[in-house]
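Okay, here's what each chain looks like letter by letter:
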Amino acid sequence: MEKFRVEHLNFHYGDKLALSDISISISDRRITALIGPSGCGKSTFLRCLNRMNDTIRGARVEGRVLLDGQDIYARGTDVVELRKRVGMVFQRPNPFPQSIFDNIAFGPRVLGLEGDLHQIVEESLRGAVLWDEVKDKLKQDALGLSLGQQQRLCIARTIAVKPEVILMDEPCSALDPIATLQIEELMQSLKEEYSIVIVTHNMQQASRVSDFTGFFWLGEMVEFDVTERVFTRPAQRITEDYITGRAG
Amino acid sequence: MGARHLSLNWASSLSSKIAGLVPGRKGKPPPPAGRSYVEFLIESSIRVLGFSTIGFVLLIFFFLLREGLPIFREVAPANLFGTRWYPTFDLFGTLPLIIGSAYVTVASIAIALPLGVATAVFIREVAPHWTREVLKPLIEVLAGIPSVVLGFFGMHVLAPLVRTTMDVPTGLTAFTGAVLLAYMALPTIISVAEDAIDTVPRSYRDAALAMGATHWQTIWRVVVPAARSGIATAVMLGMGRAIGETMAVMMVTGNAARMPISLNSLFMPVRTMTATVAAEMGEVANGSVHYHSLFGIGIILFILTFLINIVAATAIFKKRHRGGLR
């Protein structure tokens, strides 16, 4: 099942062409990893999928991004509705300076979701494998948690609004190895229900967690295939060089 | 007082910058004799100036204590904190004045807080770039309008307006004073609140937007709460300015030393501590009980503003301590 279909996407920052002619199909309930050196455009591409680039001055998008067949850049698209369906976890854990409970309840509150708030909070925290660690201190400041816990809190906060897709922008780059492992295990359980797109500069991580891998190089998508094939028999020379550490 | 607090901070940071510019003697080859003499002269004159500023402040403080403290011996506490201020009849009840000041100050903050925060949010979060560039200096100009000019405006424009629209016997009321004070506190509140909003990390906004919150929800539920301690500081500084303000208040509040305790006293004359001191200081005999009582009011006022500034400063300190305004 196809969730996202991107067709000939170009992205400009002012005069600079940051992404050129990207076409890709992202599957439902699979993990798609985007790898490549810094500045290759993978984060920019990720932010195109929920239109987080809209707030950047001088940014311009060409091409089509279809979510379940609907172009999200079509005129009249409700960006708020889109972001409700396509959630995002950021590079650095960014919980609000509020209690753990309020952090999770934020989304359901602003979106006016139906249902018992306490139940939503518990389900989301369980979904992010954080419930047992925080269930006795829901009223405490979220910034008192460790970075790894904060990042799982951010994931819980994202799934509290019941999105269809979760975008992760280098979610483990600020975390230690154990916290990283916890997030990776969490992703495996999340993929039962959500499509996940993860940007990572850690190639081991991409090969460990993902089903599909896209390789970005200088703003172009050089290769996109099943993860195993990208890492064992890449079609392009540059991909092989990057994966083996000779380029990038 | 609030403005002085700010400028003191500013001055101390400036002087530390200047101190950084003056080349230190440590670890440098000994300079030629003539230059080191000049340097010694500059350094010691800076030191003398710095210490003398502290000295003057202390002297003023001791003068205030010397002239004001006797009142607490000369007049019985029951009289001093009574409800009637008639110095000619030996009645020195400061309560109506204290409550009058508090009343006008609180009312002015009640007006200035929503306006100031809304303006700060508008400038920082909503206004297009060019509007921001125009508004910011304009607001700083607002802070520079002399209070007597505002008082004049209050007497001739605001007071008649209040009288006719509220249908009260006089337009010189607590409300009129509160509006003027709100106007005077606004620049402080706006610029400090705006700084606080500016330091809210971008990542908070991103997180809220990425969850499907609208721009308005992001501002109201994430940005403003995250900046609340900075906004509280803004209010305290605005309050410090309002409670110490004299001229504009004296011109528009009517100066009747009555207890403003009923609900409708918002639209009746009131008298503040500052206005009392300013109005009566010229007429008292030096060294009399009345004279001491005015300085006594000065001490009470000093303690109040000092407390307010302390609260504001601890809030600032806490934020620095935790790394950034939150």
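Within each chain, residues carry numbers counting from 1 in the order of the written sequence. Chain labels run from A onward and ligand labels from 1 onward, assigned in the order the entries are written. Residue-level local features of this predicted model are given only where pLDDT is at least 70; pairs of side-chain atoms are given and counted only at 80 or more, and the full residue set underlies all totals for whole chains, interfaces and linings. Neither water nor hydrogens contribute to the side-chain values; these are computed over all heavy atoms in the structure.

Chemist: I'd like a description of unusual backbone geometry, backed by residues and values.
Modeler: Excluding glycine, most residues fall at negative phi; most peptide bonds, likewise, are trans. Residues and elements named next belong to chain A. In this model, arginine 29 sits at a positive phi of 55 degrees, which is unusual for a non-glycine residue. Only DSSP runs of H or I with at least four residues qualify as helices, and only runs of E with at least two residues qualify as strands; both kinds are numbered from the N terminus onward. By the secondary structure assignment, arginine 29 is in the loop between β2 (16-27) and β3 (31-35). Of note, the phi angle at lysine 162 is positive, near 50 degrees, even though the residue is not glycine. The topology assignment puts lysine 162 in the loop between α6 (147-159) and β7 (165-169).

Chemist: An account of the sheet that holds strand β4 (residues 59-67) of chain A is requested, with residue identities and associated values reported.
Modeler: Residues and elements named next belong to chain A. Taken in spatial order, the 4 strands line up as β2-β1-β4-β5 in an open sheet, and their pairing is antiparallel. Of all strands in the sheet, those bounded by a partner on one side alone are β2 and β5 (70-71). Sheet topology places strand β1 (residues 2-13) next to β4; 8 bridges connect them, and they run antiparallel. By the bridge assignment, valine 6 is partnered in β4 with valine 65. Should DSSP find at least two bridges between two strands, the strands are regarded as paired.

Chemist: Report on the domain arrangement of chain B, specifying residues and quantitative values.
Modeler: All names here are of chain B. Taken domain by domain, chain B holds domain 1 (2-68) and domain 2 (79-321). If you look at the interface, domain 1 gives 9 residues, while domain 2 gives 13 residues. The term salt bridge refers to a pairing of a side-chain nitrogen on Lys or Arg with a carboxyl oxygen on Asp or Glu at a separation within 4 Å. Counting the contacts that link domain 1 with domain 2 gives 0 salt bridges. Two N or O atoms form a polar contact when they lie within 3.5 Å of each other; inside protein one atom must be a possible hydrogen donor and the other a possible acceptor, and for residues adjacent in sequence the pair counts only when both atoms belong to side chains. Where domain 1 meets domain 2, there are 1 residue pair in polar contact (both at pLDDT 80 or more). Of all elements in the fold, only α1 (2-21) and α2 (33-68) reach the threshold of two or more residues within the side of domain 1 that touches domain 2. The dominant element in the side of domain 1 that touches domain 2, judged by the number of residues it contributes, is α2, at 6 residues. Boundaries of every domain are those given by an automatic assignment or by a domain database. Only heavy atoms matter for contacts: two residues are in contact if any of them lie within 4.5 Å across the pair.

Chemist: Account for the packing of helix α8 (residues 174-198) of chain B against helix α11 (residues 228-244) of chain B, with residues named and values stated.
Modeler: All names here are of chain B. Axes, fitted as lines to C-alpha atoms, cover a helix only where it is in contact. Angles between the N-to-C directions of the axes lie from 0 to 180 degrees. Put simply, α8 and α11 touch, their axes get as near as 8 Å, and they point 155 degrees apart. Comparing the axis directions of α8 and α11 gives the class roughly antiparallel. As α8 packs across α11, the resulting crossing turns out to be right-handed. Across the interface between the two elements, Leu181, Met184, Ala185, Thr188, Ile189, Val192, Ala193 and Ala196 of α8 pack against Gly230, Ile231, Ala234, Leu237, Gly238, Arg241 and Ala242 of α11. Amino acids outside the nonpolar list (Ala, Val, Leu, Ile, Met, Phe, Trp, Tyr, Cys, Pro) and the charged list (Asp, Glu, Lys, Arg) are all regarded as polar, and Gly is one of them. Residues of the contact of α8 with α11, tallied by class, amount to 11 nonpolar, 3 polar and 1 charged. In this scheme, roughly parallel covers angles under 35 degrees and roughly antiparallel covers those over 145, while 65 to 115 is roughly perpendicular and the rest are oblique. By definition, turning the near helix anticlockwise from the far helix through less than a right angle yields a left-handed crossing, and turning it clockwise yields a right-handed one.

Chemist: How would you summarise the interface of chain B and chain A if you had to cite specific residues and measurements?
Modeler: With 21 residues of chain B at the contact, the number on the chain A side is 26 residues. Carbon and sulfur atoms make up 63% of the surface buried where chain B meets chain A, a total of about 1800 Å² over both sides. Using a 1.4 Å probe, buried area is obtained as the accessible area two parts lose upon being combined, added over both of them. By the criterion of area lost to chain A, the three top residues of chain B are Ala210, Met211 and Arg221 of chain B, representing 34% of everything that side buries. Our count for the contact surface shared by chain B and chain A stands at 1 salt bridge. Between arginine 47 of chain A and aspartate 206 of chain B there is a salt bridge, with its nearest N and O atoms 4.0 Å apart.

Chemist: Account for the pattern of salt bridges, with residues named and values stated.
Modeler: Residues and elements named next belong to chain A. Tallied over the full model, the rule gives 27 salt bridges over all chains. Between glutamate 164 and lysine 3 there is a salt bridge, and its shortest N-O distance comes to 2.8 Å. Of this pair, glutamate 164 sits in the loop between α6 and β7 while lysine 3 sits in strand β1; the two residues are 161 residues apart in sequence, bridging distant segments of the chain. Arginine 64 is the salt-bridge partner of glutamate 7, the closest N and O atoms lying 3.2 Å from each other. Here arginine 64 lies in strand β4 and glutamate 7 lies in strand β1, a separation of 57 residues in the sequence. By relative accessible area, arginine 64 is classed as partly exposed at 40%. Each of Glu2, Arg5, Glu7 and Arg64 takes part in a single network of salt bridges with overlapping partners. For each residue, the accessible area found with a 1.4 Å probe, counting protein chains only, is set against the maximum for its type, and the residue is called buried under 20%, exposed over 50%, and partly exposed in between.

Chemist: Could you give an account of the sheet that holds β3 of chain A, with specific residues and numbers?
Modeler: Residues and elements named next belong to chain A. Spatial strand order, β6-β7-β8-β3-β9-β10: 6 strands in an open sheet with mixed pairing. In this open sheet, the two strands that pair with only one neighbour each are β6 (86-89) and β10 (220-226). When strand polarity is set aside, the average angle formed by the axes of neighbouring strands in this sheet is 15 degrees. Two strands pair when backbone bridges link them, and β3 and strand β9 (residues 212-217) are joined in this way by 4 bridges, in the parallel orientation. Within the sheet, the bridge partner assigned to leucine 34 lies in β9 and is glycine 214. Together, β6 and β7 form the strand contacts of α6, whose direction differs from that of β6 by roughly 170 degrees.

Chemist: Outline the packing of aromatic side chains, listing residues and values.
Modeler: Ring pairs are drawn from Phe, Tyr and Trp, using the six-membered ring of Trp, whenever the two centres fall within 6.5 Å, and their geometry is named by plane angle: stacked under 30 degrees, edge-to-face over 60, tilted for the rest. This structure, assessed with the given rule, holds 15 aromatic pairs over all chains. Aromatic pair phenylalanine 63 of chain B and phenylalanine 295 of chain B: ring centres 5.5 Å apart, planes at 90 degrees, arrangement edge-to-face. Here the residue phenylalanine 63 of chain B occupies a position in helix α2, and phenylalanine 295 of chain B occupies one in helix α14 (residues 289-321), the gap between them amounting to 232 residues. Phenylalanine 295 of chain B sits in the buried class, given a relative accessible area of 13%. When the centroid spacing of 5.0 Å and the interplanar angle of 45 degrees are considered together, the rings of phenylalanine 175 of chain B and phenylalanine 267 of chain B count as tilted. Of this pair, phenylalanine 175 of chain B sits in helix α8 while phenylalanine 267 of chain B sits in the loop between α12 (247-252) and α13 (273-280), and the two are 92 residues apart along the sequence. Classification of phenylalanine 175 of chain B as partly exposed rests on a relative accessible area of 24%. In this structure an aromatic cluster arises from ring pairing among Phe61, Phe62, Phe302 and Phe306 of chain B. By definition, being over a ring means that NZ of Lys or CZ of Arg is both within 6 Å of the ring centre and within 35 degrees of the ring normal. The residue whose ring lies beneath lysine 139 of chain A is phenylalanine 101 of chain A, and the NZ or CZ to ring-centre distance is 4.5 Å. Geometry around phenylalanine 96 of chain A places arginine 157 of chain A over its ring, the cationic atom sitting 4.5 Å from the centre.

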